[in-house]
Amino acid sequence: SGDMHYMENGKWKTIFHTISPTATGFENTNNSHKTFYPSLSSGQIRTVLQNGSALIDMKDMRMFYETNGQIVQSQNIQSKQGLVDFNELTYKSVYGTGIDLRLTQNTKQRKMDYIIQNQAALNNIPNGAQFLVFEEKVELPIGWTAQLINNEIILKDQVGNVMAKYEKP
């Protein structure tokens, strides 16, 4: 559940979850926040909030294993074309065959999932690996801060207002 409408330029508009193809990628702009998705998985997401501030995420994405605090078998995300189905955008086989990246647009949030299609997708796990890590960088607007509170990353603007959050994976 969530909001069904948002105010824009003094008028109420209906929120739609649809991710639509554009000449440069994909977008969801029928919402209080405007999200611009890349055509290729190696690109970046740009989300413009109601106050005009922009978050940039999906930067420098990579997958690796961690063994005794050391990064092992790091690999950058492969550049794959996105396929859209209503409010889901999927990039297939972004870390070799069998690991897909799926982005889901909802009313007040966007969800990122890695889909491991089968056990063969993880055939090269190094001995002693303790963790499989999917990493990305996020660029915050100037003056914003990030705090870890109750297992969520809370993003605050220059005056301390909560503007967004990343829920616990």
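Residues numbered from 1 in each chain as written. Predicted model: local features only at pLDDT ≥ 70, side-chain atom pairs only at ≥ 80, totals over all residues. Heavy atoms only, no water.

A. Examining the packing of aromatic side chains more closely. Under the counting rule described, the total for this entry stands at 3 aromatic pairs. On the basis of an interplanar angle of 45° and a centroid distance of 6.0 Å, the ring pair of Tyr95 and Tyr114 is categorised as tilted. On the criterion of sequence distance, the pair formed by Tyr95 in the loop between β10 (88–91) and β11 (99–105) and Tyr114 in strand β12 (residues 110–116) is long-range, its members being 19 residues apart. With 3.9 Å between their ring centres and 15° between their planes, Tyr114 and Phe134 make a pair best called stacked. Residue Tyr114 is found in strand β12, and its partner Phe134 is found in strand β13 (residues 131–139); the two are separated by 20 residues along the sequence. Here the aromatic residues Tyr95, Tyr114 and Phe134 are joined through ring pairs into a cluster of three or more. (Phe/Tyr/Trp six-rings, centres within 6.5 Å; stacked < 30°, edge-to-face > 60°. Helix = DSSP H or I, 4+ residues; strand = E, 2+ residues; numbered from the N terminus.)

B. Looking closely at the sheet that holds strand β15 (residues 152–156). With antiparallel pairing, the 3 strands of this open sheet are ordered in space as β14-β15-β16. On the outer flanks of this sheet lie β14 (145–149) and β16 (162–166), each paired with one strand and no other. For this sheet, the mean inter-axis angle between neighbouring strands, taken without regard to orientation, is 30°. Pairing of β15 with β16 involves 4 bridges; the strand directions are antiparallel. Bridge pairing in β16 links Ile154 to Lys165. (Pairing = 2+ DSSP bridges. Axes fitted to C-alpha atoms, helices over the stretch in contact; angles between N-to-C directions.)

C. Main features of the sheet that holds β11. The antiparallel open sheet is built from 4 strands, whose spatial order is β9-β10-β11-β12. Strands at the two margins of the open sheet, each flanked by one partner only, are β9 (82–85) and β12. For this sheet the average axis-to-axis angle between neighbouring strands, irrespective of direction, equals 20°. Pairing analysis gives 7 bridges linking β11 to β12, with the strands arranged antiparallel. When the bridges of β12 are listed, Gln105 appears paired with Arg110.

D. Representation of unusual backbone geometry within the structure. One non-glycine residue, Met58, lies in positive phi territory at about 70°. Since its relative accessible area comes to 1%, Met58 is described here as buried. Even without glycine at this site, Asn68 takes up a positive phi of about 50°. Residue position: Asn68 is located in the loop between β7 (54–67) and β8 (70–76). (Buried < 20%, exposed > 50% of the residue type's maximum accessible area, 1.4 Å probe, protein only.)

E. Representation of the nonpolar core in the model. With 17 residues, the main nonpolar core has Tyr37, Tyr91, Tyr95, Leu101 and Leu103 as its most contacted residues. Contributions of two or more residues to this core are made by β7, β10 and β11. The residues contacting Tyr95, other than those within four sequence positions of it, are Met61, Arg62, Met63, Gln75, Asn76, Ile77, Gln78, Tyr114 and Phe134. Counting residues in hydrophobic clusters, the runner-up holds 5 residues, among them Leu49, Leu55, Trp144 and Ala164. (Core = buried A, V, L, I, M, F, W, Y, C linked by side-chain atoms within 4.5 Å. Contact = heavy atoms within 4.5 Å.)

F. Region of interest: the environment of Ile99. Position of Ile99 relative to the elements: it lies in strand β11. On the accessibility criterion, Ile99 (0% relative accessible area) is buried. Spatially, the C-alpha atoms of Ile99 and Asn118 are 8.4 Å apart, while their sequence positions differ by 19 residues. In this structure, Ile99 is in contact with Met63, Lys92, Ser93, Val94, Tyr114, Ile115, Ile116, Ala121, Leu122 and Phe134, ignoring residues within four places of it in sequence.

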